[in-house]
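What the coordinates show
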Amino acid sequence: HIEADGITIGNPEDWPGGGNFATADRLSVDVDAMAYIRDRQIVIPDIAVERPQVDAQQLADGRANWTLASGSSTGPAPKIGNLRISDGHAHVVMAKLKSDFNIDVATQDTDGQPSQIAASAKGTYAAQPITAQFTGGALLSLRDEAQPYPIDLQVANGPTKVAVVGTIKDPLAFAGADL
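Bear in mind that the values here come from a model prediction, so they are computed numbers and not experimental data.

What to know about unusual backbone geometry
Its identity is not glycine, yet Arg-51 carries a phi of approximately 50°, on the positive side. Mapping Arg-51 onto the fold places it in the loop between strand E3 (43-50) and strand E4 (53-58).

So, the side chain of Gln-41
In this structure, Gln-41 sits in the loop between helix H1 (33-39) and E3. Residue Gln-41 is classed as buried on the basis of its relative accessible area, which comes to 12%. Those residues within four positions of Gln-41 in sequence are excluded, and the remaining contacts are Ala-35, Tyr-36, Pro-76, Ala-77, Pro-78 and Lys-79.

Structural notes on the environment of Ala-106
Looking at the element boundaries, Ala-106 is found in strand E7 (residues 99-108). As for Ala-106 and Ser-120, which are separated by 14 residues in sequence, their C-alpha atoms are 9.6 Å apart. In this structure Ala-106 touches Ile-85, Asp-87, Gln-116, Ile-117 and Ala-118, once residues within four positions along its chain are discounted.

Side note on the side chain of Gln-58
Residue position: Gln-58 is located in strand E4. Overall, Gln-58 belongs to the buried group, its relative accessible area being 18%. Beyond its immediate sequence surroundings of up to four residues, Gln-58 is in contact with Arg-63, Ala-64, Trp-66, Val-93, Met-94 and Ala-95.

A few points about the pattern of salt bridges
Where charged atoms of side chains with opposite charge meet at close range, the side chains can pair. This model, assessed by the stated rule, comprises seven salt bridges. In this structure, Arg-84 and Asp-46 form a salt bridge, with 2.7 Å as the shortest nitrogen-oxygen distance. Placement of Arg-84 in strand E5 (residues 79-86) and of Asp-46 in strand E3 is noted, with a sequence separation of 38 residues between them. Note on Asp-46: relative accessible area 16%, which makes it buried.

Some words on the environment of Pro-52
For Pro-52, the position within the fold is in the loop between E3 and E4. A sequence separation of 98 residues divides Pro-52 from Pro-150, and the C-alpha atoms of the two residues are 24 Å apart. When near neighbours in sequence (up to four residues on either side) are disregarded, Pro-52 contacts Thr-23, Ala-24, Ile-85, Ser-86, Asp-87, Gly-88 and His-89.

With respect to the pairing of strand E11 (residues 160-169)
Here strand E10 (residues 149-157) runs beside E11; their pairing, made up of nine bridges, is antiparallel. Looking across to E11, one finds that Ala-156 is bridged to Lys-161. In textbook terms, the turn of a hairpin is the stretch between consecutive antiparallel strands, and for E10 and E11 this stretch comprises two residues, one of which, Gly-158, has a positive phi near 60°. Relative to strand E12 (residues 176-178), E11 is paired through three bridges, and the arrangement is antiparallel. Bridge assignment links Thr-167 to a residue of E12, and that residue is Asp-178.

Topic: the pairing of E3
Most of E3 sits inside the fold, with six of its eight residues counted as buried. In this structure, strand E2 (residues 20-30) lies alongside E3, joined through five bridges in antiparallel fashion. When the sheet's bridge partners are listed, Asp-30 is paired in E3 with Asp-46. In this structure, E3 lies alongside E5, joined through seven bridges in parallel fashion. Residue pairing across strands places Val-43 opposite Lys-79, the latter belonging to E5.

Scoring rules and cut-offs
Residues numbered from 1 in each chain as written. Predicted model: local features only at pLDDT ≥ 70, side-chain atom pairs only at ≥ 80, totals over all residues. Heavy atoms only, no water. Helix = DSSP H or I, 4+ residues; strand = E, 2+ residues; numbered from the N terminus. Buried < 20%, exposed > 50% of the residue type's maximum accessible area, 1.4 Å probe, protein only. Contact = heavy atoms within 4.5 Å. Salt bridge = Lys/Arg side-chain N within 4 Å of Asp/Glu carboxyl O. Pairing = 2+ DSSP bridges.

Structure below.
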């Protein structure tokens, strides 16, 4: 079990205005060391992040502070179990899309029910006012091919209003939907 307080991820060195890409008050991670020793597999059964703040920016030239340098990986992808977010916030600015909005996000746990992710957004998208409310299954259940992913999404962007309620089967491969 590893815990760290006062996490900061800075923007790229040459980023206009400097600042940070992300911060978090606390990050707690459980790591299965034996899985690595036995199989060279990185297994992270649980991640909890408290008060994460993200300032995601894309400039008019297309550069974005969330783009990482590409590298090659020869090992299997890490296996991640549960992800819990408390009191998360993101500010997203995309100049090309004339967008500037704020998102609040948190994991909700209800007695006897699987955890859910809840998010709300407000600001502008494509130079039009946008508001959105989303409730869905836990973030990491997106990769569970056998279990349909529940969603409840309400979006108003300018004159357009959309409501989507139902489930998506294997969302990462979009194997079907009941909406």
